[in-house]
Amino acid sequence: MSIPEIQKEIVEEFSMFDDWMQRYEYMIELGKSLPLIKEEYKTEDHIIKGCQSKVWVHAELEGDELVFTADSDAIITKGIIAILIRAFSHQKPRDIIEADTKFIDEIGLKEHLSPTRANGLVSMIKQLKLYAVAYQTQLN
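Residues numbered from 1 in each chain as written. Predicted model: local features only at pLDDT ≥ 70, side-chain atom pairs only at ≥ 80, totals over all residues. Heavy atoms only, no water.

By the naming in an unreviewed UniProt entry, the protein chain is SufE family protein, taken from Muriicola jejuensis. Under Sequence similarities (unreviewed entry), UniProt gives the following word-for-word description of the protein chain: "Belongs to the SufE family." (UniProt positions renumbered as here; feature names shortened; annotations may be inferred.)

Peer 1: How should I be thinking about the side chain of Ser 89 in this particular structure?
Peer 2: Counting through the fold element by element, Ser 89 comes out in the loop between α3 (75–88) and α4 (93–98). Separated by 2.9 Å, the side chain of Ser 89 and the backbone nitrogen of Phe 68 make a polar contact. Once residues within four sequence positions are removed from consideration, Ser 89 is found in contact with Leu 66, Val 67 and Phe 68. (Helix = DSSP H or I, 4+ residues; strand = E, 2+ residues; numbered from the N terminus. Polar contact = N/O pair within 3.5 Å; in protein donor to acceptor, adjacent residues only side chain to side chain. Contact = heavy atoms within 4.5 Å.)

Peer 1: How do you make sense of the pairing of strand β2 (residues 65–72) when you look at a structure like this?
Peer 2: In regular strands, side chains alternate between the two faces of the sheet. Buried residues dominate β2, accounting for 7 of its 8 residues. In this sheet, β2 lies alongside strand β1 (residues 55–62) in antiparallel orientation, the contact comprising 8 bridges. Each bridged residue has a counterpart across the sheet, and for Glu 60 the counterpart in β2 is Val 67. Between β1 and the antiparallel strand that follows it, β2, lie 2 residues; Gly 63 among them carries a positive phi value of about 70°. (Buried < 20%, exposed > 50% of the residue type's maximum accessible area, 1.4 Å probe, protein only. Pairing = 2+ DSSP bridges.)

What follows is the structure, given as structure tokens:
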């Protein structure tokens, strides 16, 4: 599936819930299915700066697609990074770089996060895109 198709699917899933408590519970469930980062990558080098909680992200190229793994010490944050990884993992670096993140606004995520978590969300997106830029440079 393409990034826009996955994002549309995520928006549709979130629209099934009537209130934000149900959406938070769903995010926590998504966090449980997160492709977990190997312990060897749970280092300072892999921590996303700007997050209130600890969030580790690792990326590697498999063929011409970027594959992300992650973990967090907070359940909501784990759910947030799981949503982003679902949208961007197993995609070509150029597609990740060019992808917009409107789907985050469409599900209303940013407006229902505390300011520090919203900043963390922006930092997570930025880090995933930086990985994509680094790997795209290698592919060129």
